[in-house]
Amino acid sequence: MIGFLIRRIGQALIVLVIVTIIVLALVHLFPGGPVKALLGPRATPQQLAYYTQLYGFDKPFYEQYIKWVGQMLQGNLGYSDKLNQSVTSLIGQDLPKTIVLVLLGTIVSLLLGIPLGVYQAVRRYSIGDYVLTGISFLGYATPTFFFGLLLVDWFAVRTHIFPPFAPNSSSVLTILGDPRALVLPVVAYAFLLFALWSRYMRSSVMDNLVQDYVRTARAKGASERQVIWGHVFRNSLVSIVTLLGLSLPTLVAGAIFIEVVFNYPGMGLAFYNAAEQVDYQVLLGFTVLATAATVVGNLLADIGYAMLDPRVRY
Amino acid sequence: MANVTVSADELAQLGAPPAKKRRGLVRRSWDVFAENRLALVGLGFIVFIVLFCFLGPVFYQTNQSTTDLINTMCPPSGGHLLGCNELGYDQLGRLMAGGQTSIEVGLAAALVAVSFGTLYGAISGFFGGVVDAVMMRVVDAGLSLPSLMVLIIAAVIFHPSPVVMIFAIAVFYWFAVARLVRGETLTLRTREYVQAVKVVGGSKLRSVIRHVLPNAIGTIIVQATFAVADSILTLSGLGFLGLGVSAPATDWGSMLSGGLNYLQGSDPWWLIYPPGILIILTCISFNFIGDALRDAFETRLQRR
Amino acid sequence: MALLQIEDLHTNIQLKDGVVHAVDGVTLHVDEGETLGVVGESGCGKTMTALSIMNLLPVGGHITGGSVKLGDKTISTLDAAAMRSIRGNEIGMIFQDPLSSLNPTHTVGKQIAEAVLLHRDVSKHDAYERAIEVLDMVGLPRARERVGEYPHQFSGGMRQRVMIAMALACEPKLLIADEPTTALDVTIQKQILELIDDLRHRLGMAVILVTHDLGVIAGRADRVAVMYAGRVVETTDTAALFENPRHPYTEALFHALPEKSAETRERLYSIPGAPPDLVTPPPGCRFAPRCRYATDRCRAEDPALAGETTAHTYACFFPVGAHEKTVAGQLVVVEPAPADDAVPADVPVAGDVVLSAKDLVKDFPVTRGALLRRKVGTVSAVAGVSFDIRKGETLGLVGESGCGKTTIGRMLVGLEKPTSGAVSFAGKDLARSSGRQYRRERRDIQYMFQDSYASLDPRMRAGSILREPLIVQHMGSRREQQAKVREMLGKVGLPAAWTERFPHEFSGGQRQRLGFARALMLNPQLIVADEPVSALDVSIQAQVLNMMRDLQRELGLTYLFISHDLSVVRYLSNHIGVMYLGKLVEIGTADEVYLRPAHPYTKGLIESAPTADPAAERAKVNEGITGELPSALHPPTGCRFRTRCPLAQEICSSVEPELKPYGVGNHLAACHFALQPPVEATAPTATEQVP
C-alpha cells in the first residue's frame, strides 16, 4: 500500500510539473511577450523593463520556471493592480464561497444520483428507468448556464418562490444562513452532475449484476437487497470514484457559469470579472490553483479507488 | 465404426448455425441502430436542423449584416416570425446564421479532436512501454487543465474567429479521446488475432491498420458523436460569457449573452428561449445517436 | 425416499427472439450420501438442471413444468423467502470458475461468514470462527492467518477450496458441484475431487456432480445420468454405464474418447453434426439426426426412459449393448455385446530431424511502475529445454499451467524471443532472425491458436482471414489465392461457400478448423498447435483430431502438439515431452512415457488424470502429487519438482538432475530416483529403485 501511495504521488508530481510548464508556455504565447501579457496593453516601457527583470523573463525558460514555481510555493501568485489585491488574498476571500457551492452541489448530486442509478439498474426498462434516463439525457444536453437562466425565470422572476440572486456577502456564514437563496444555484449546478453519476452508476450496477459472484451470493441464500447493497453496490462505486477524480474541470466550469448567472461572489465570478477586465495575474493565478486542485483530486480519487478495490493494493 | 468426417454439404445441413441472410457489418449495425427509436428521432432532428440552418436562409431571407435600430426588440409578427433582437436583426434569420456557426464549429472541432486523439492514442497504445508512459503523462496533464478557464483566457487575448475556435475547443477535447483510444488499442493489441498477423509474417503496421483500427472504429465513432454535442455546448458557454465569435457573426451561445438582461426584464423571451432550446435539442439528438451507436457496435460483437 | 427427486422438469429461457427449452422433461433422483454424476456436452442442459434445483436461473429463465422435491418438501414452488432459507443451508452449490465466483472486494472470511450469518442466529465473531473451522476442514493451510485475505491472493485450487468451504458452512444435505474442476490443473483437480469425496463421507452429504468429463464421472460418481438436448438419455450406476452402455449416444461418446484408441491409434469415432437447436427441437428422438443406428421410427417418435430393469434405463428404441437384469440387487449382463474389430493403425516412419531446440531459456522480467520501470523479479518460464522433432512425426508437449509449454511454442514461431538458446530449422538458426528473413521463415513453421474465437478477427470474413497469409507473403495472384482458400476449406471439411461468413457464425469446432486452415495456407512443414482441442466437447474434439491426423498423413506435416490433456497427447503423438515449471523432466516415445514413466511427476500426472474406466479409477492409489505449484518467480533450487515429490531427498534440493536415458528408445528423464532402470550400467549416482 505504501509503495502504491508513493508511486501515485510521484506520478501526480510529474503531471503537476508538466501542467505548470504548459501554463508558463501559454504565458509566453501571449502576443507582445509575457510581460506585456501580465501587465496589460497600457504598461509603460519602464514597467515592462522592471517586471521583465523582476520576473526574470530575460532569463532562459527553465530559470523562469523555477523562479515562478518558487514564488508560487511561497504563496505568491501575483498581484492584481485592477483590484489592488494580491491574488492570494483574493483567493482567500472567494474560494470558501465557491467551495460551499461546489460541495453542496456535488453532495446533492451524489446523494440523488447514486441511489437513483442503482434503482434504474435494478428496475431497468421500467417506466421509472425511462423517465430518469430522459432526465439524464436532458442533463447532458442542457448548458449549465441556460438551465440556471430557466430556473431563475420560472422560480424567481415569474413566480417568487426563490430569490433571483444568490446570497451576496463576503462571509461564508452569512451565505449559509440564507438557504433559500442557495437552492436555485445548487440545483442548477447539480443537474449535469446528477446526470453523470446516475448514468454511470446505472451502467456499473448493470454490469455487476450479471457477474458470477452475484450468483454465488444468491446461492448462499442472500436476498436481492443483500446482494445489491452488500455486494454489488460497493463494487459499482469504484467507477464513480474514478469519475469523480476526472470531473474536477467540469466542477470548475460549472462554478463559473452558475456564479455568473446568480451573481454569486465566488472564484468563478471573480475569474469572469478578471476576464472582462483583462486582469492577467488573477486569470493565471486562478488557473494554476484550479489545475493543482485537479491533480490533487485525481490523486485522492486513485487512493479512494485503491481503498475500494483490494486487487490494486496487494 | 467406419464413420468419417462428414462431407461439407452434410455438415452444412446438420451442424451449421441457422443460416441467416449474409449481411454486411454496416447493414447489421444499421439494423440494431434503427431499432432504437430515440436514435431515429435524433437523426431526424439533426437532418431537420441542418436543413433549417443551411437551406433556411434561401427561403427566408433576412438581413444579417446591417443593423436596423428602428426595429429593435420587435415582437414576433408577420414580417419577423420570431421578432427582432436588440440590434434589429431578424431573430429567426439569426437563429439560422447562428446555427450554421454552432454546427460547423461543433462538427469541425469534434473531427479535429477525434482525428488527432485517435492517432495519438493508437501510437501510444501500440508501442507501449516508455513511449506510452510518457505520452500518457502528457494526456494526464492535459486532462488536469481546467479547460474552460484556459479557453476563457485564450478568448480574451485572441478574440478568435470561428476557425480558431474550432482548434481551441479541439485542443482540449482530444485528451479524452486519446486516453480512450489508447485503452482500446492496449486491449486489442493483446488479442490473438493481432498476434496471428505477426505469425504469418505481417508487419506491425498491417496489424494496426487492418486489425486494430477497424475493431476500434466503433468506439471512435461513438466518441465522435458525443464530441460534437460537447463542442457545441462549450462554444455556447463561451458565447454566453461574451467570449464567442465576434459580431456580426453569431452562434447560438452568443445569442444567449443577453440572458442576464432577460432576467432583469430588458430582453424579451424570444431572444433567449429559441437559441437555448435549439442547443438542447441538437445536443440531445447527437447523444441519442451516440448511445444507439454504442449499443449497435456492442451487440454486433457479442453475437456468438 | 430419495433425498432429492426431480420429476419431469421443464425449464425455459426467454430470449429476445424465441424460447429455449433448456431442460425438457428431466427426471432424476439422488439418494442420501451418494454421488450422482450428470454428464453431457455443452448445451445438453445439465447446468440448467442444476440451477433449476435451487431456482438460480439466469434472467429470462423459468421453471415451466415438473417438480423438484427435497425429501417430502416440494421446493420448486416455494416463494422467494422460503427458497432463500434452503439455499446455502440445506443445499449448497459450487461453480466452475472460483475467481469470478468470489467477490473480489470481500475477504474470504467475510464471504464464508456471510453464509453462516444468513442461516444461523450467531454473533459475527462466532460466524468468523466457523469460517476458520470450515477453511481448516477443506484443507486450506494456515486458515486462521489467511481468513482475512482476498480471493485474488489465493491460487486456483485454494480458491475452489474456499468456495467449497462457503457452500458447506451450514452443513447442507446436498452439494451441487457444477464443473468444479474444469478450470483447474489435473493434479489440483485430483485433490479437489478427493476433498469433495472425503467431505461427503464425513458430513453424510449427497453430491450432484455436473461435468462433461467422463473420467471424473468414472472415478467419483456412484450413479450417472447422461444428458443430451435437455433430456436424460441414460441413467444407471457407474460401473454398469461404462461396462455396458445402452444408448447410442453414450456408446458414441465412449468411442470418441482418445484414450480408447490410444493403443491402436486408429481414427476416433466422431459423432457427425451438432446438437439440435433447443428453440425448436426436432420431433422424435433428439439424437436421431446424428445416430448411426437411426431408423424412421426414431425420427418420428420420441422414446421414453425405460429399460429391462429399473436400475438401468435409457431412452432408445434400439439400444446397443447387452441385455441386463437384476439378480439379487445386482445388475448382471445377460449376453456379452459383440466385440469390435479393432483395426491397427500404421506407424509413420520417422525421418530426419526437422527442428532442433537447444537449451532454450525464456525469462520474463517483472516490472513495477509505469515510467520508472524497476525490475522486481524474473519469471523463469523456460529454463533450458532441448528437443528434436523429426519429419512427419508429432511431438506432444504436455504439462500443467505455468510449465512453459506455451512459451516454447510461441518461441518457435517468433511470438517470443528466447533469452538464450537456439532453435534450428532444417539446419538454419531461427531464433535470431527478423525482418525479411523472419517473414520468409514463416512459410515453414505455422501456428494454431488455442482460442479460435480470439484468434480470428471478428470483423473479417473467413475468406479474407484465409487469404491474409498469402497476401502478406506475396504468394500468387488474387485468383490463385482465392482458389487456394477454397482448396484449404475443403481439406479441413468446411464448405467452400462459407468464405463469406464471419467467425461468430461458425461453431467452436468449425472455428478450430478455420484456424487450422489458416495455418495450412503457407504450406508449412511444421505446425505448432497450442491446445487446439482443449475448449471443445468430446465429440467435436474427435472430429478435429481426426482431421489433424488425416492431413498429417496426406500432406506430410510435422506437429508440435501442446496440451495439458495427456490422453489427447498420447493418442496423437509419436513422442511425448513432459514439462514442469520450465524444465523438460521426461521425453520419450509415447508408449514408453505413458506405460513406463521414469519421472515421478509424469507418473503422478498419469495417475491424476481421470480415465473413463471405473475399475481403474477405484484402484488408483490415493497418494498423488500433493501441494501447490511453486511460484515461477522463485523456483525451487535443484530439482524444481522436489517440493511436491514423494521421493524427494536431500540431494534433490542441491543438485539439479540431468536428463539421462532410461528404458528403451531414447527415453530420457531428469530425476535422481527415477522409476525405471537407467540404460548405462555404470551409473555412479544412487541407484535405489522405487517400484
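Note that the structure is predicted; figures quoted are calculated from it, not measured.

Rules behind the numbers
Residues numbered from 1 in each chain as written. Chains lettered and ligands numbered in written order. Predicted model: local features only at pLDDT ≥ 70, side-chain atom pairs only at ≥ 80, totals over all residues. Helix = DSSP H or I, 4+ residues; strand = E, 2+ residues; numbered from the N terminus. Buried ≥ 20, exposed ≤ 12 C-beta atoms within 10 Å, placed from the backbone. Contact = placed C-beta atoms within 7 Å. Pairing = 2+ DSSP bridges. Axes fitted to C-alpha atoms, helices over the stretch in contact; angles between N-to-C directions. Nonpolar A, V, L, I, M, F, W, Y, C, P; charged D, E, K, R; others polar. Parallel < 35°, antiparallel > 145°, perpendicular 65-115°, else oblique. Left-handed = near helix turned anticlockwise from the far one by under 90°. Domains from an automatic or database assignment. pLDDT = per-residue confidence, 0-100.

## Examining the overall build of chain A
- Helix and strand counts for chain A come out as 15 helices and two strands.
- Along the three orthogonal principal directions, the C-alpha set of chain A runs to about 80 × 55 × 35 Å.
- Counting the 314 residues in chain A, one finds 43% classified as buried.
- Contacts spanning at least 24 positions in sequence make up 69% of the contacts within chain A whose residues lie at least 6 apart.

## Observations regarding the overall build of chain C
- Counting its regular elements, chain C contains 24 helices and 26 strands.
- Projecting the C-alpha coordinates of chain C onto the three principal axes gives extents of approximately 75 × 65 × 60 Å.
- The burial tally for chain C puts 52% of its 691 residues in the buried class.
- For chain C, long-range pairs separated by at least 24 residues make up 64% of all intrachain contacts whose partners lie at least 6 apart in sequence.

## Structural notes on the environment of C:A483
- With respect to the helices and strands, C:A483 occurs in helix α17 (residues 478–491).
- The class for C:A483 is partly exposed, based on 13 C-beta atoms found within 10 Å.

## Some points on the interface of chain C and chain A
- Every contact between the two is made by 25 residues of chain C and, on the other side, 20 residues of chain A.
- Put simply, the parts of the chain that give the side of chain C that touches chain A at least two residues each are α2 (80–86), α3 (98–101) and α4 (108–119) of chain C.
- With four residues, α4(C) is the single largest residue contributor to the side of chain C that touches chain A.

## Overview of the sheet that holds strand β6 (residues 91–94) of chain C
Residues and elements named next belong to chain C.
- Pairing within the open sheet is mixed, and its eight strands lie in the order β6-β7-β8-β3-β9-β10-β12-β11. Because the sheet does not close on itself, it has two edges, and the strands there are β6 and β11 (306–309). On average, each strand axis in the sheet is inclined to that of its neighbour by 20°, with strand direction left out of account.
- For strand β7 (residues 174–178) and strand β8 (residues 206–211), the ladder comprises five bridges, and the chain directions are parallel. Paired with I176 across the two strands is I208, which belongs to β8.
- Running over the sheet, helix α7 (residues 156–168) touches β6 and β7 and is turned about 165° from β6.

## A few points about the interface of chain B and chain A
- Each partner contributes residues to the interface: chain B has 33 residues there, and chain A has 40 residues.
- Secondary-structure elements contributing two or more residues to the side of chain B that touches chain A are α5 (129–144), α6 (147–158), α9 (204–240), α11 (259–263) and α12 (269–302) of chain B.
- The biggest single contributor to the side of chain B that touches chain A is α6(B), with eight residues.
- Considering only residue class, the side of chain B that touches chain A consists of 24 nonpolar, seven polar and two charged.

## Some details on the packing of helix α5 (residues 87–122) of chain A against helix α14 (residues 280–308) of chain A
All names here are of chain A.
- With their axes 10 Å apart at the nearest point, α5 and α14 run at an angle of 60° to one another. Comparing the axis directions of α5 and α14 gives the class oblique. Crossing of α5 against α14: the hand is right-handed. Here V87, L90 and I91 of α5 come into contact with α14, specifically with Q281, V282, G285 and L289.

## Some remarks on the domain arrangement of chain A
All names here are of chain A.
- Looking at the assigned domains, one finds that chain A contains domain 1 (2–84) and domain 2 (91–313).
- Here domain 1 and domain 2 have C-alpha centroids that lie 31 Å from each other.
- Taken together, the contact pairs 19 residues of domain 1 with 20 residues of domain 2.
- Every element with two or more residues in the side of domain 1 that touches domain 2 is listed here: α1 (2–29), α2 (34–39) and β1 (79–80).
- The biggest single contributor to the side of domain 1 that touches domain 2 is α1, with ten residues.
- Classifying every residue of the side of domain 1 that touches domain 2 by side-chain character gives 13 nonpolar, four polar and two charged.

## Observations concerning the sheet that holds strand β26 (residues 667–669) of chain C
Residue and element names in this part refer to chain C.
- If you walk across this open sheet you meet the eight strands as β20-β21-β22-β17-β23-β24-β26-β25, and the pairing is mixed. Looking at strand neighbours, the two that pair on one side only are β20 (445–448) and β25 (660–662), the edges of this open sheet. Direction aside, neighbouring strands of the sheet carry axes that sit 20° apart on average.
- Pairing between strand β21 (residues 526–530) and strand β22 (residues 558–563): five bridges, direction parallel.

## Re unusual backbone geometry
- One non-glycine residue with positive phi stands out, namely A:Y125, at about 65°.
- Mapped onto the elements, A:Y125 comes out in the loop between α5 and α6 (127–141).
- The exposure class of A:Y125 is exposed, given the 9 C-beta atoms found within 10 Å.
- Phi angles above zero are rare outside glycine, and C:D359 is one such case at about 50°.
- Residue placement: C:D359 occurs in strand β15 (residues 353–368).
- Residue classification places C:D359 among the partly exposed positions, given that 13 C-beta atoms sit within 10 Å.

## Describing the confidence of the model for chain C
Residue and element names in this part refer to chain C.
- When pLDDT is averaged across chain C, the result is 87; 93% of the residues are at 70 or more.
- Predicted confidence for residues 336–346 stays below pLDDT 50, and this span has twelve contacts to residues more than four positions away or in other chains.
- Throughout residues 681–691 the model reports pLDDT below 50, and contacts reaching past four residues in sequence, or to other chains, amount to eight contacts.
- Taken together, the chains of this predicted complex give a pTM of 0.85 and an interface ipTM of 0.85.

## Overview of the packing of α4(C) against α7(C)
All names here are of chain C.
- It is the contact of α4 with α7, at a shortest axis distance of 8 Å, that shows an interaxial angle of 25°. One element, α4, and the other, α7, form an angle in the roughly parallel class. When you trace α4 past α7, the crossing you get is right-handed. Contacts between α4 and α7 involve V108, Q111, I112 and A115 from the former and V162, A165 and M166 from the latter.

## As for the confidence of the model for chain A
- Of all residues in chain A, 92% have pLDDT values of 70 or greater, and the mean over the chain is 84.
- No element of chain A has a lower mean pLDDT than α2(A), which averages 64, and none a higher one than helix α10 (residues 212–219) of chain A, which averages 94.

## Section: the environment of C:K16
- Inspection of the secondary structure assignment puts C:K16 in the loop between β1 (4–15) and β2 (18–30).
- For C:K16, a count of 6 C-beta atoms within 10 Å corresponds to the exposed category.

## Description of the pairing of β2(C)
Residues and elements named next belong to chain C.
- Across ten bridges, the pairing between β1 and β2 is antiparallel. Counterpart to L9 in the pairing with β2 is V26.
- Turn length for the β1-β2 hairpin, with the two strands adjacent in sequence and antiparallel, is two residues.

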